[in-house]
Amino acid sequence: MLSIILKEYRQRARGIATLGLIMTYTIILGGVSFFVYLARYTELQSRASTSSQVGLALCITTFIAQMIMSLLLSLSLNASTIAHEKDQDTFELLNLTLFKSFEIILGKYLSSTGFLFLLVITAMPIYALAFTFGGLTTLQFMQLAVVVVGMTLMVSALGLMLSLISDDVRTALGRSFFFLITLGAVTLIFGGIMKSALSGQPPVVPIYWLGVVSFLMNPLFSAMEIFNPSVFTWAGNGSVVMPFLMNQGLLWIWSALFQTLIAALILLATVLIYPRYRASKAGGVG
Amino acid sequence: MIRMRCLFLPLLLLCLALPLQAALAAPPEGVTLTYELGYDGIVQQGRLNPVSVEIDNQNPAGINLSGELVLKYEGTEYTTRLELPSPSKKRFYLYFPCNQGYPQISLMVRSDAWTDEMDLGQVKTCNPADTSIIVLTDQPGSLQSANQVESARITRDEWQTQSAGMSSSKSYVSYFDIDEVDDNAKFFERADTIVLADIDYLQLDEPVARSLMESVSRGANLIFSLGSNGNRVASSPVGQLCPLQYSGTVETAELGELGRRYGINAGNALATLATGQLRDGAEVVSWAGSYPAIIRRSWGAGTVYALAFSFTDRPFRQHPGLGEMFSDLTMNVERSVDVNNWFLHPQEIFNLMRNLDEAKPMDPGFVALFIVLYVVLIGPLNFFVLGRLKRSTLVWLTIPLIIVGFSWFGLETGRLTRGADNVVANFQEVHVYPDTTLQPYQDAMYIFTAEPVRYELEVEDPSAFLYTDYPVVSGGQFGGPAMNRGGINPFITRSLDNSVNPKLNISQGKWAAKEYYYRGFRNVPTVVSASLRDTDNRSDGSFTPEGGFELDLPWDLHGCRLIGRQNYAKEVGDIAGRGSYTMEGLSNGGGSWFPEENYVSRYRDDWLDGVRSSTSEGLRYSNDLLLVGFTEELEPLAEFDRKHIQHTLSMVVVHLPCERQRTRGGSLRMAGSGPLLTGGRNFRLFENRYMYPGMGSYSSEYDNNRYVVLAGGYLEFRVDLQGSLSERNFMSATLRVFSDDRDGMMISDAGSVAELEGLRNDGTWIPLAVQAGSRDARLPLSDLLLPDNSVRLRVRAKADLQAEPPEISLN
């Protein structure tokens, strides 16, 4: 498994695509932060905003930009990892090696997520800049990092599974983005219903549980809670307690754990179904 | 797939096993809660409003209630401790600053035995300029005629504007038993006038008396209704405030000038008037024959009136004339000004406080440079150098190193530009008045934390109120309120205990700044007296005070400046806290000042300009001379339990009464540029803002006050005369009124829509004939000239009329 990981990293280090990816990633994050600061600078000068408000705005926009890019990259990198082998007709060769199914899957997974984590931490200096404005606590920063890690693990696992069951990169990418957009939209809808119910009557049981799962699946809700811990506090008539005290400032950790669990289950499922897809393009199942 | 389902199943079951809790807790058996909002259910915008909650715990099982009582408004929770053993009953008071019409408020009980939330619905609200008259009485409804009286008011809307302005106003009268009021002065913060009617003065204990005194010191009016109550007033804890030293009563049927002014006729009934000596500084406002009927005396920023009669006894009981009388007293019409807030606007203070070097914004050029350097180093340079060295795989080592290096560099940049010290900056403004040792103050605190901290802020002053959002200056280009609020905006909680000693627990992040603002009273032994006189006799109304004053303050004042009306200003340097001073003997110059390290003290001129701006309207009418000085010796009233660097400055504003000049020479003039004296029933004022487009934006061109006097109402003016006696015989007045149609055409015969009246020097109003077909009326000055060399005129409307602004020219 280690040799698979090392081979992947050697390839990436020599590829011009890696340089382009890192540059694009940092330029977008840096650019977004800079323009947000520029837009708020006049407010700072005119004292319409405080430094801590600007720091927080910088952090939020950096986080949103980072999350969007992480999502796209996680999916595209992982969705292409096995499908690319199929496109290059090297998948059969890979299967002829002595590597077991779980070694191949984990090797691919760890190499791509490792690279993704490296990209994730490239945002650290930008966050450090936001720190100098105040308004952001170390705890909030750590919470955001945990949320991004959980999301990356889950989306990467999903991408890898779709990469395995797809015949080529194009199909894998298409399926991945369709799945991601659907998942994002559904969780946004049910999470939104749950959020609006917080200021009214308690929702009916099915909506309640769909809302709970949406809160756990969609990192946007965790981010909302990190920046405003009382956002999910029950304000309607009566009181509703969410599982594991999720709406008591702990959504971020439960969300990350849930996503990690989902990632582990998806990886397990991928390992289990791997033998069926060894036959690559032509063979399909069997 | 089956195995996967098996894994999901326990998770699903676990989730579903968790109960969906939805419970509305009911009060325990035998526990009842009642509440009252504001004064008689009405709250006022721009003021601090009380909410009294009475809980009766008669639980048969002996359950004690222990927890919190919470008032939630605009996301902030105002809390007070709830401890109520069984059986017992207690009244709790919560306060909130109302800044919008029909506020949504909820009341919560959080205790071990009972958790409940009550939505108090939409609450009836009155406007910032309206007046509140609180009557402490056993007979609710005794002052009904003073309710809903309309008038114009010069006041400072502290939540919207920087200085004072005029607006139309309505009075709201509410009634309380003496045992229903809080013994904290916050309860009376909203009251413009507090009337002590026929209460049981034995119930008026020391704490309530002190809160009444604090309220008057702060600017409220206190009215004693004496009559046969005089003896009980004199022996009560507030007896020392009464301008009349009671010695007995007299019965009379002659109400004299008082009766004529307010249309009160004793008829067959005899009025009982309290008699006695006037206290120092007291003056008679109105006479009932030869007896003083209304006596006034200043106390701090407020005024105390003694009505020699009891308004609940005949012939005053339920008389319609009481409406106008109490409106006059509340609005201080005699003095023509009602400025209830002399403080600098807090936003103005924070604008200066934010100049703390550590809290200044970073240059965008530096931010751009930082990002560009990072991108270049982590990308092209890194890959290029390693490529040339044929060590491309090392990028996996160099990238994390560059990330760590830049993160460290970024944080160190913050440390270099913003330091590593927590900074507390504090600016306190204290007003010192003659005759009282209670000084209203406001405190603006700016806390900058270089490290994340959790701290507790406690104001050791029960009468203080800690604000979550300090008032906002109207800054919108259309004159609307600006949306940028400051104040406390904690992420985790907006929970404030403002019940006894205001207290706040808060977390504050790295390099973050927060602003706090609170107000209250200091109780420091101070003595201020003045024998100042305005002796200027120039025709432009200049102000030249002469005479002297005495101070006995616990602090020496530095960098002092005297400020008076008509832009009078004089630098007088340092002034010792104790001593006698004459205007001639005061030194010139700025005096000594504080070290530059104290950044709050760098803005002396700005603080002084702020005083000028915030007091400009008050000084236009008041003849006070303000001595403004600075000290670092005042102890801060709030505790901050973290190590920090302090920048503190206290500004002390001493109000020195200055006697107006009685005789003036020179040409004739109208006092002031606008209407002189406004008041009276059925009087409304509208402010028209004229806007014009220019360069893509709108701005106000000028403001024009437009007055509407409803039929039966009147406008009242005072004209200061400065001509010689021989000139006065030839004077005539021209009344110019506008008809009610929008064209604003001048009517040819003012007499058809209005009457002109003048106040004769014997105290009676006489009609002044408007010449037929004209707008002119000749003034019989020999009859009208008052002892202070002025003439008082009224325009009494026959039909609804507008005046823009009323013009009376003297020839």
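Residues numbered from 1 in each chain as written. Chains lettered and ligands numbered in written order. Predicted model: local features only at pLDDT ≥ 70, side-chain atom pairs only at ≥ 80, totals over all residues.

Caption draft 1: Up close: the nonpolar core. Judged by nonpolar contacts, the single largest core of 234 residues is most densely connected at Ala157 of chain A together with Ile194, Val195, Leu226 and Leu307 of chain B. Of the residues forming this core, the biggest block, 14 residues, is contributed by helix 3 (residues 51–87) of chain A. For Ala157 of chain A, the contacting residues outside a window of four places in its chain are Tyr109, Ala263, Ile266 and Leu267 of chain A. (Core = buried A, V, L, I, M, F, W, Y, C linked by C-beta atoms within 7 Å. Buried ≥ 20, exposed ≤ 12 C-beta atoms within 10 Å, placed from the backbone. Helix = DSSP H or I, 4+ residues; strand = E, 2+ residues; numbered from the N terminus. Contact = placed C-beta atoms within 7 Å.)

Caption draft 2: Quick peek at the sheet that holds strand 35 (residues 658–659) of chain B. All names here are of chain B. With mixed pairing, the 4 strands of this open sheet are ordered in space as 31-28-27-35. The two strands at the open ends of the sheet, each matched to only one other strand, are strand 31 (578–582) and strand 35. Note that strand 28 (residues 545–552) and strand 31 share 5 bridges and pair antiparallel. Residue pairing in the sheet places Gly548 in a bridge with Thr582 of strand 31. (Pairing = 2+ DSSP bridges.)

Caption draft 3: Up close: the pairing of strand 27 (residues 527–534) of chain B. Residues and elements named next belong to chain B. As paired strands, strand 27 and strand 28 are joined by 8 bridges and run antiparallel to one another. By the bridge assignment for strand 28, Val528 is matched with Leu551. By the bridge criterion, 2 bridges tie strand 27 to strand 35 in an arrangement that is parallel. Within strand 35, the residue paired with Leu532 across the bridge is Cys658.

Caption draft 4: Up close: the environment of Asp552 of chain B. Residues and elements named next belong to chain B. In this structure, Asp552 sits in strand 28. For Asp552, a count of 13 C-beta atoms within 10 Å corresponds to the partly exposed category. Counting along the chain gives 27 residues from Asp552 to Gly579, while the straight-line C-alpha distance between them is 6.6 Å. Apart from the residues lying within four places of it in its own chain, the contact partners of Asp552 are Thr526, Val527 and Arg578.

Caption draft 5: Here's a closer look at the packing of helix 2 (residues 16–45) of chain A against helix 3 of chain A. Residue and element names in this part refer to chain A. The interhelical angle for the contact between helix 2 and helix 3, taken along N-to-C directions, is 155°, at an axis separation of 9 Å. As judged from the angle between their axes, helix 2 and helix 3 are roughly antiparallel. The two elements helix 2 and helix 3 cross, and the hand of that crossing is right-handed. Contacts between helix 2 and helix 3 pair Tyr25, Ile28, Leu29, Val32, Ser33, Val36, Tyr37, Arg40 and Leu44 from the former with Ser51, Val54, Ala57, Leu58, Thr61, Thr62, Ala65, Gln66 and Met69 from the latter. Grouping the amino acids of the contact of helix 2 with helix 3 by side-chain chemistry returns 12 nonpolar, 5 polar and 1 charged. (Axes fitted to C-alpha atoms, helices over the stretch in contact; angles between N-to-C directions. Parallel < 35°, antiparallel > 145°, perpendicular 65-115°, else oblique. Left-handed = near helix turned anticlockwise from the far one by under 90°. Nonpolar A, V, L, I, M, F, W, Y, C, P; charged D, E, K, R; others polar.)

Caption draft 6: Structural view of unusual backbone geometry. All names here are of chain B. That bond from Ser86 to Pro87 is cis: its omega, -5°, falls within 30 degrees of zero. For the bond running from Arg314 to Pro315, omega is 5°, close enough to zero to count as cis. With respect to the helices and strands, Pro315 occurs in the loop between strand 19 (302–307) and helix 5 (321–331). Even without glycine at this site, Tyr102 takes up a positive phi of about 45°. The topology assignment puts Tyr102 in the loop between strand 6 (88–97) and strand 7 (104–111). Tyr102 gets classed as exposed once you count the C-beta atoms within 10 Å, which come to 12. Non-glycine residue Gln318 carries a positive phi angle of around 55°.

Caption draft 7: View of helix 3 of chain A. Residues and elements named next belong to chain A. With 37 residues, helix 3 should reach 54 Å at 1.5 Å per residue; the first-to-last C-alpha distance of 52 Å fits that figure. At Thr81, helix 3 shows its maximal bend, which comes to roughly 40°. Of all the 37 residues making up helix 3, 26 are buried; the element is thus mostly covered by neighbouring parts of the structure. Looking at the residues trailing helix 3, positive phi occurs at Asp89, about 60°. (Expected span 1.5 Å × (residues − 1). Bend = angle between axes of the 7 residues up to and from the residue.)

Caption draft 8: Structural context of the sheet that holds strand 1 (residues 31–37) of chain B. Residue and element names in this part refer to chain B. Spatially, 3 strands are ordered 1-3-6 in an open sheet, and the strand pairing comes out antiparallel. One side of each edge strand has no neighbouring strand; the edge strands of this open sheet are strand 1 and strand 6. Averaged over all adjacent pairs, the angle separating strand axes in this sheet is 20°, with direction ignored. Where strand 3 (residues 48–57) lies against strand 6, 10 bridges are found, and the strand directions are antiparallel. Its bridge partner being in strand 6, Asn49 is matched across the sheet by Phe96.

Caption draft 9: Summary view of the pairing of strand 34 (residues 645–656) of chain B. All names here are of chain B. Counting buried positions along strand 34 yields 10 of 12 residues, so the element is predominantly enclosed. Pairing of strand 20 (residues 423–432) with strand 34, which is carried by 10 bridges, proceeds in the parallel orientation. Following the sheet pairing, Val432 is matched in strand 34 by Val654. Direction of pairing for strand 32 (residues 625–631) relative to strand 34: antiparallel, over a ladder of 7 bridges. The residue of strand 34 that forms the bridge with Leu625 is Leu656.

Caption draft 10: Seen up close, helix 2 (residues 206–218) of chain B. Residues and elements named next belong to chain B. Between the first and last C-alpha of helix 2 there are 18 Å, a value that for 13 residues agrees with the 18 Å anticipated at 1.5 Å per step. Taken together, the buried positions of helix 2 are occupied by Val208, Ser211, Leu212, Met213, Glu214, Ser215, Val216, Ser217 and Arg218. Of the surrounding secondary structure, the elements contacted by the buried residues of helix 2 are strand 13 (193–196), strand 14 (221–225), strand 18 (291–299), strand 19, strand 21 (438–449) and strand 26 (512–523). In the segment just after helix 2, Gly219 is the residue with positive phi, at about 135°.

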